[in-house]
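Listed below are the residues making up each chain.
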Amino acid sequence: MWILLIATVPTALYYFGWHFLALPWQPLALLGTGLAFIVGFKNNASYGRIWEARQIYGSVINDSRNFAFLVRDTAGGKQSPIVKQVFYRHFAWLTALRYQLREPRIWENTGRKSNQEFLRTHYRIPEWDGKLEEVLGSYLEEKELTYILSKRIGQPNCWHYSRNRLQP
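A. Local environment of a nonpolar patch on the surface. A contiguous nonpolar surface patch, about 470 Å² in accessible area, is contributed by W2, L5, I6 and V9. Position of W2 relative to the elements: it lies in helix α1 (residues 2-15).

And the structure:
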């Protein structure tokens, strides 16, 4: 309705003799074409980033599944304590990765007031509600947890610690 009203005012004024309101079409066409290119390239770049993230996520899932099968089949089956320990360390790595990926970034605008209201009313992010230390505590022993949390970046250190513990 508002668009119709806004479009009617200059049309009526032009009809009643205010011809200085007329604009040449060439600059408007150039502006529209340029705007279409900019929006198109931005959409293409956004789609590319989403597609790359989906591929990486799928790779993590497939590699985790293959790793689990390999550990289960080579380390004594489902009931083996070594398999359980390796699985729990892997769960800790996945959890640390999840928390690291949910950290706010500089370029994000989630801190704006309107976005905070939307977050509060429409959905909940579990990584923002709990602490990493508490969640990792359910997967790791106290010694391992203390070592990993003493490092600046926890997620790669979960892998490093597990790898060193598994080597003979």
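B. Examining the environment of G77 more closely. Here G77 is to be found in the loop between α2 (25-74) and α3 (81-101). Exposure remark for G77: the relative accessible area of 22% places this residue in the partly exposed category. Discounting residues that sit within four places of it in the chain, G77 has contacts with R72 and V83.

C. Examining the packing of aromatic side chains more closely. By the definition in use, this model includes eight aromatic pairs. Site record: aromatic cluster; members linked through ring pairs are F87, Y88, F91 and Y139. Sitting over the ring of W51, R54 keeps its end group 4.4 Å from the ring centre.

D. Structural context of the packing of α2 against α3. In the contact formed by α2 and α3, the axes pass within 10 Å of each other and the chain directions differ by 165°. Between α2 and α3, the angle is such that the two are roughly antiparallel. Regarding α2 and α3, the two cross each other, and that crossing is right-handed. Along the contact surface, α2 presents V60, S64, F67, A68, V71 and R72, while α3 presents V83, V86, F87, H90, W93 and L94. When grouped by side-chain class, the residues that make up the contact of α2 with α3 number nine nonpolar, two polar and one charged.

The rules we used
Residues numbered from 1 in each chain as written. Predicted model: local features only at pLDDT ≥ 70, side-chain atom pairs only at ≥ 80, totals over all residues. Heavy atoms only, no water. Patch = residues over 30% accessible without salt bridge, like charges linked within 9 Å, V, L, I, M, F, W, Y side chains within 5 Å. Areas by Shrake-Rupley, 256 points an atom, 1.4 Å probe, with all protein chains shown as cover. Salt bridge = Lys/Arg side-chain N within 4 Å of Asp/Glu carboxyl O. Helix = DSSP H or I, 4+ residues; strand = E, 2+ residues; numbered from the N terminus. Buried < 20%, exposed > 50% of the residue type's maximum accessible area, 1.4 Å probe, protein only. Contact = heavy atoms within 4.5 Å. Phe/Tyr/Trp six-rings, centres within 6.5 Å; stacked < 30°, edge-to-face > 60°. Lys NZ or Arg CZ within 6 Å of the ring centre and 35° of its normal. Axes fitted to C-alpha atoms, helices over the stretch in contact; angles between N-to-C directions. Parallel < 35°, antiparallel > 145°, perpendicular 65-115°, else oblique. Left-handed = near helix turned anticlockwise from the far one by under 90°. Nonpolar A, V, L, I, M, F, W, Y, C, P; charged D, E, K, R; others polar.

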